[in-house]
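Architecture and fold: a report
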Amino acid sequence: MSHSRRDFIKFVVAGSVTAGCPIDSTLLAAPAEAGPGPQIDSEHSEICHQVRDGHRFDVPPPTKSAAIVIIGGGVAGLSAAYFLRGQDFLLLEKEDHFGGNAFQEEYEGQPFATGSAFAYKGDYGDQLSGEMGLKLLPVNNPDPTIVNNTFVPDTWRAGIEHLPYTREVRESFRKFRDDIMKIKLRERVAELDSEPFSKYTAGYAPEIQQWWDGYGPSNWGAITQETSALLGIASLQDIASGGEDQRVILPGGLGCITHKLIEKLQPLYKERLLGNATVVSIVTDKAEARVTYHRDGKLTTVAAKAVIVCVPKLIASRLVSGLPADQKAAMQHTRYAPYPVVNLIFDKPVYNRGYDTWCPGNVFTDFIVADWTVRNTAGYQQKHNILTFYTPLRENQRFTLLDDENCKSLAARVLADFQKLMPEFNVNPVEVRLYRRGHPMFMAVPGQFTKNRLAAAQPMERVFFGNADSGGPESLTSESIRLSKTAAEWSAKVLAGDPNAKALALTALAASFQ
Ligand SMILES: Cc1cc2nc3c(=O)[nH]c(=O)nc-3n(C[C@H](O)[C@H](O)[C@H](O)COP(=O)(O)OP(=O)(O)OC[C@H]3O[C@@H](n4cnc5c(N)ncnc54)[C@H](O)[C@@H]3O)c2cc1C
């Protein structure tokens, strides 16, 4: 791409690489001049860095109280607040906006996703949406693949016959699918979760692993070699089962849910939803919990009876005092993928052939059409064709997100790769947006689901550990919501002094493979 053409495109870089703060040591090694770009609130990063570095804050005595404090305003924290409506809660979120990984942006009134994409019919996200009067619409489009300039609908069913590979490779795809379909998953959950998915792709055509090396990072942050076989196999069995497409969504991805949650909660509980409030410590004893947060340049401590921690374990491990050593270690073993998302905004229709299209061998793994489920509804006019490109990175590439120029170059490569996919894609967008996150998605590595997660998410007497990384087997909005529903019930028990609170939390943790 020539310089002038690159300059022609308006880039917008947003999001914080320290969203998953405290950040890891690879970021520490970055030179000062490669620090976060202008849209990153340095004050928040500064506090997070101090927590990460083990700074001892001069924690003031409590000057406020709330029965329940919720930490983190992603979908887990917001839904916990929703389930606690009418109760004495306080939610603390470090960014100046709510939504976490499920945050939508808009272009001239048209919403698009910066992270979380879709829910499944009847799952906790769909149920909560329905309850709030938001009807998620069916995707009804099995995923296509574009490879070798060829569009192949319904990749893993009828599509196999049309993949632009040799007959042997297509035969290998078919055999792989059929072999995987025979595996009795439910009888072998622990065993399969201890193995890498690559054990099951080995011996087949390399193009198969290449396909999953896109699908895995996009959906659960890990390439085939680092993916739990349980998840890889379950995913293919789901895709190829021949059943109806269960996915549902509206424009904005699952940001539509957090957007609606805010719309519902803010008018009623404005004072109880604090943005720009970074929690730096959580101390508990027999009588109460004390949560200290930094806001407007000062530290405040709030006394609570119960705390619902909805931040990733990477952060929780640094905030909560008195964690058992093995639990703290498990929290810190949880791995996270760095994950920028690029939106290309076109002022004319460029691509509306498939909802989620896989593109092996490109800088992005797949892309979705933002308004796919509403584009054919009566009276709807697609003003802009907004395409959301998923560009998950490897952990050792996290530091690249610190540099705005790197981010712009990544976005430019996304555009260049897209324009080469099919001749008709050679169109310039009116705007390019990149949203970067340093640690948004826990990686579904072997053992994370059946072992590490359970050790990391054990409840304490006054602390419930929510967030998507308490569930699984992959990072799912529905899991964040499911666990927040339990957290609301758990806190009622804690407040009532009911000794069954812990048992309730443990049952919910154990119940996450459906
Ligand atoms: C690119 C991408 C695509 C995805 N696609 C899907 C999908 O299609 N379907 C699906 O179900 N899921 C998807 N996911 C996963 C889904 O987004 C997450 O599971 C879900 O959004 C997690 O929500 P959460 O509230 O548990 O955590 P988070 O979203 O991580 O929220 C944590 C919040 O805590 C805040 N915080 C952090 N530290 C502090 C602190 N010290 N003090 C106060 N606040 C703090 C953060 O700013 C953040 O807002 C996707 C994720 C990504 C990144």
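In this report, we go over the structure that sits alongside the text. Everything quoted here is computed from the prediction, not taken from an experiment. (Residues numbered from 1 in each chain as written. Predicted model: local features only at pLDDT ≥ 70, side-chain atom pairs only at ≥ 80, totals over all residues. Heavy atoms only, no water.)

Brief notes about the sheet that holds strand 7 (residues 137-138)
We apply this condition: One bridge is not enough; two strands pair if DSSP finds at least two bridges between them. Numbering of helices and strands runs from the N terminus; a helix is a DSSP stretch of H or I covering at least four residues, while a strand is a stretch of E covering at least two.
Read from one edge of the open sheet, three strands run 6-10-7, paired in antiparallel fashion. Two strands close off the open sheet at either side, each with one partner strand: strand 6 (119-120) and strand 7.

Some words on helix 9 (residues 206-220)
The condition that has to hold: By this rule the span expected of a helix is its residue count minus one, scaled by 1.5 Å. For every residue, the accessible area (1.4 Å probe, protein chains only) is compared with the maximum for its type, and the residue is labelled buried under 20%, exposed over 50%, or partly exposed between those bounds.
Its 15 residues place the ends of helix 9 21 Å apart at the C-alpha level, agreeing with the 21 Å of an ideal helix rising 1.5 Å per residue. Within the span of helix 9, buried status applies to Ile-208, Trp-211, Trp-212, Gly-214, Tyr-215, Gly-216, Pro-217, Ser-218, Asn-219 and Trp-220. Following helix 9 by one or two positions, Gly-221 has its phi on the positive side, about 80°.

With respect to the site of the ligand
This is how the line gets drawn: What makes a residue near a molecule or strand is one non-hydrogen atom of that residue sitting within 4 Å of it. Polar contacts here mean pairs of N or O atoms no more than 3.5 Å apart (in protein, one a potential hydrogen donor and the other a potential acceptor; neighbouring residues in sequence count only if both atoms are side-chain atoms). Gly counts as polar in this scheme, as do all residues outside two lists: the nonpolar Ala, Val, Leu, Ile, Met, Phe, Trp, Tyr, Cys and Pro, and the charged Asp, Glu, Lys and Arg.
Close to the ligand lie 34 residues, the nearest being Ala-76, Glu-93, Asn-101, Ala-468 and Ser-475. The side chain of Ser-116 places a nitrogen or oxygen atom 3.2 Å from a nitrogen atom of the ligand. At 2.9 Å, a backbone N or O of Thr-477 approaches an oxygen atom of the ligand. Looking at the shell around the ligand, the elements with two or more residues in it are helix 4 (75-83), strand 12 (278-284) and helix 16 (477-495). Grouping the amino acids of the shell around the ligand by side-chain chemistry returns 19 nonpolar, 12 polar and three charged.

Description of the pairing of strand 19 (residues 385-390)
Taken across its six residues, strand 19 has six buried, putting it largely inside the fold. Side chains Asn-385, Leu-387 and Phe-389 project from strand 19 onto one buried face, and the interleaved Ile-386, Thr-388 and Tyr-390 project onto a second face that is buried too. As paired strands, strand 18 (residues 366-369) and strand 19 are joined by four bridges and run antiparallel to one another. Looking at strand 19, one finds that Asp-366 is bridged to Tyr-390.

With respect to the nonpolar core
Rules: Think of a nonpolar core as a cluster: buried Ala, Val, Leu, Ile, Met, Phe, Trp, Tyr and Cys residues, connected wherever their side-chain atoms sit within 4.5 Å. Whether two residues are in contact is decided by their heavy atoms, any of which lying within 4.5 Å being enough.
Ile-70, Ile-308, Phe-367, Phe-389, Phe-418 and Leu-421 are the most contacted members of the largest nonpolar core, which totals 84 residues. Sequence-distant contacts of Ile-70, defined by excluding residues within four places in its chain, comprise Gly-77, Ala-80, Ala-81, Leu-84, Phe-89, Leu-90, Leu-91, Leu-92, Ile-308 and Cys-310.

Topic: the pattern of salt bridges
Using the following cut-off: Each salt bridge in this description consists of a side-chain nitrogen of Lys or Arg and a carboxyl oxygen of Asp or Glu lying within 4 Å of one another.
As enumerated under the stated definition, the model contains 30 salt bridges in all. The salt bridge involving Glu-171 is made with Arg-174; its shortest N-O contact spans 2.2 Å. With a gap of three residues between them, Glu-171 and Arg-174 both fall in helix 6 (residues 167-181), about one helical turn apart. For Glu-171, a relative accessible area of 40% puts it in the partly exposed group. The residue Lys-286 makes a salt bridge to Glu-461 at a minimum N-O spacing of 3.1 Å. Of this pair, Lys-286 sits in the loop between strand 12 and strand 13 (289-295) while Glu-461 sits in the loop between helix 15 (448-456) and strand 22 (463-465), and the two are 175 residues apart along the sequence. A relative accessible area of 64% means that Lys-286 is categorised as exposed. The structure contains a network of salt bridges with shared partners spanning Glu-226, Arg-335, Arg-394 and Glu-395.

Brief notes about the packing of helix 9 against helix 10 (residues 229-240)
Note the following rule: Axis lines are fitted to C-alpha atoms, over the contacting stretch for helices. Their N-to-C directions set the angle, which ranges from 0 to 180 degrees. Orientation labels follow simple angle bins: below 35 degrees gives roughly parallel, above 145 gives roughly antiparallel, 65 to 115 gives roughly perpendicular, and whatever is left gives oblique.
At their nearest, the axes of helix 9 and helix 10 sit 12 Å apart, and the two run at 100° to each other. One finds that helix 9 runs roughly perpendicular with respect to helix 10. For the pair formed by helix 9 and helix 10, the contact residues are Trp-211, Trp-212, Tyr-215 and Trp-220 on the first element and Leu-231, Gly-232, Ser-235, Leu-236 and Ile-239 on the second. A breakdown of the residues in the contact of helix 9 with helix 10 according to their chemical character gives seven nonpolar, two polar and no charged.

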